[in-house]
Amino acid sequence: MKKYILFDNDGVLVHTEPLYFKANIKSLEEYFNITLEFEEYMKIMSEGTTVWQKAFDKGFSQKEIEKARNQRNLYYQEYLKSENILISGVKEVLKELSKDYKMGIVTTSRRVDFEIIHKDLGIVDFMDFVLCEEDYNYAKPHPEPYLTGLKIFGANKDEAIVVEDSTRGLSAAFAAGIECAIVKNEFTITQDFSKASYFINTLSELKTILN
């Protein structure tokens with residue numbers, strides 16, 4: 001019987017991927033005159049490579065790319081502060097789930113970005129804890145983030161379920177031995193989810209799986 005739910009953040013609880021994509025587009029074009037198409041970005045995300053490889057291939061230095069990456073992060077934060085990122089129905093689902101389950105967020109987001117994202121959303125009110133990239137040594141697809149979540153709960157792997165939207169997150173859950181439900185997301189839909197236990201279109205379907 002499941003008692004604990006571990007949520008990924010971006011693409012699962014909030015609609016932030018389009019803004020991150022837009023920030024990458026702007027930075028690559030501004031600093032290197034490089035265009036980034038959606039299909040190309042999807043392939044990069046699926047393979048776990050980097051949007052900056054095109055700049056490396058054109059001979060730009062690590063220092064130049066680091067400058068562009070820092071600016072990308074600033075653009076992303078600007079978008080987070082100015083655009084709607086709340087996924088319809090998520091808070092209502094979390095409120096209902098919180099009656100029967102303990103919940104936590106396990107994300108690869110930097111805490112500075114996470115705090116901007118969740119400043120006024122009220123989503124974290126339903127969570128027992130939040131783990132950001134600064135809270136563990138190895139990021140997803142390593143199992144450490146989700147194993148850390150289990151440890152905080154004092155739970156065994158069979159008592160928990162992970163909700164993810166990416167192969168990277170699924171691989172982390174699978175390596176930790178935790179069942180994983182994949183929620184549909186247009187930015188990850190082409191990725192390999194063959195190791196997933198469940199597939200859902202929206203979080204509202206999660207209760208059905210748990211029951």
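For the structure, check the block above.
Below you will find a few notes about this structure.

Examining helix α7 (residues 144–153)
α7 sits mainly inside the fold: 7 of its 10 residues count as buried. Within the sequence span of α7, burial applies to Glu144, Pro145, Tyr146, Thr148, Gly149, Leu150 and Phe153. Those residues of α7 hidden inside the fold are in contact with β1 (4–7), β2 (102–106), β3 (129–131), β4 (160–164) and α8 (167–175). Where α7 ends, the next residue or the one after it, glycine 154, has phi of about 70 degrees, a positive value.

A few points about unusual backbone geometry
Following lysine 140, the chain continues into proline 141 via a peptide bond in cis, with omega recorded as 20 degrees. Structurally, proline 141 can be placed in the loop between β3 and α7. Positive phi is not limited to glycine here, since asparagine 33 has a value of about 55 degrees. Inspection of the secondary structure assignment puts asparagine 33 in the loop between α1 (17–32) and α2 (38–47).

With respect to the pattern of salt bridges
Taken as a whole and assessed by the stated rule, the structure comprises 14 salt bridges. The closest approach of N and O atoms between glutamate 96 and lysine 99, which form a salt bridge, is 3.2 Å. By relative accessible area, lysine 99 is classed as exposed at 59%. The partner of aspartate 120 in a salt bridge is lysine 119, and the shortest N-O contact between them spans 3.8 Å. Both residues of the pair, aspartate 120 and lysine 119, count as exposed. When salt bridges that share partners are traced, they join Glu96, Lys99, Asp100 and Lys207 into one network.

Calculation criteria
- Each residue is numbered by its place in its chain's sequence as written, counting from 1.
- Restriction of local features to residues with pLDDT of at least 70 applies here, the model being predicted, together with a cutoff of 80 or more for giving and counting side-chain atom pairs; totals for whole chains, interfaces and linings are based on all residues.
- Hydrogens and water are ignored here; the side-chain numbers use all heavy atoms of the structure.
- Only protein chains enter the accessibility calculation, which uses a 1.4 Å probe. A residue is then buried if its area is under 20% of the maximum for its type, exposed if over 50%, and partly exposed in between.
- Helical segments are the DSSP runs of H or I of at least four residues, strand segments are the runs of E of at least two, and each set is numbered from the N terminus.
- Should any heavy atoms of two residues lie within 4.5 Å, those residues are counted as being in contact.
- Think of a salt bridge as a Lys or Arg side-chain nitrogen and an Asp or Glu carboxyl oxygen that are within 4 Å of each other.

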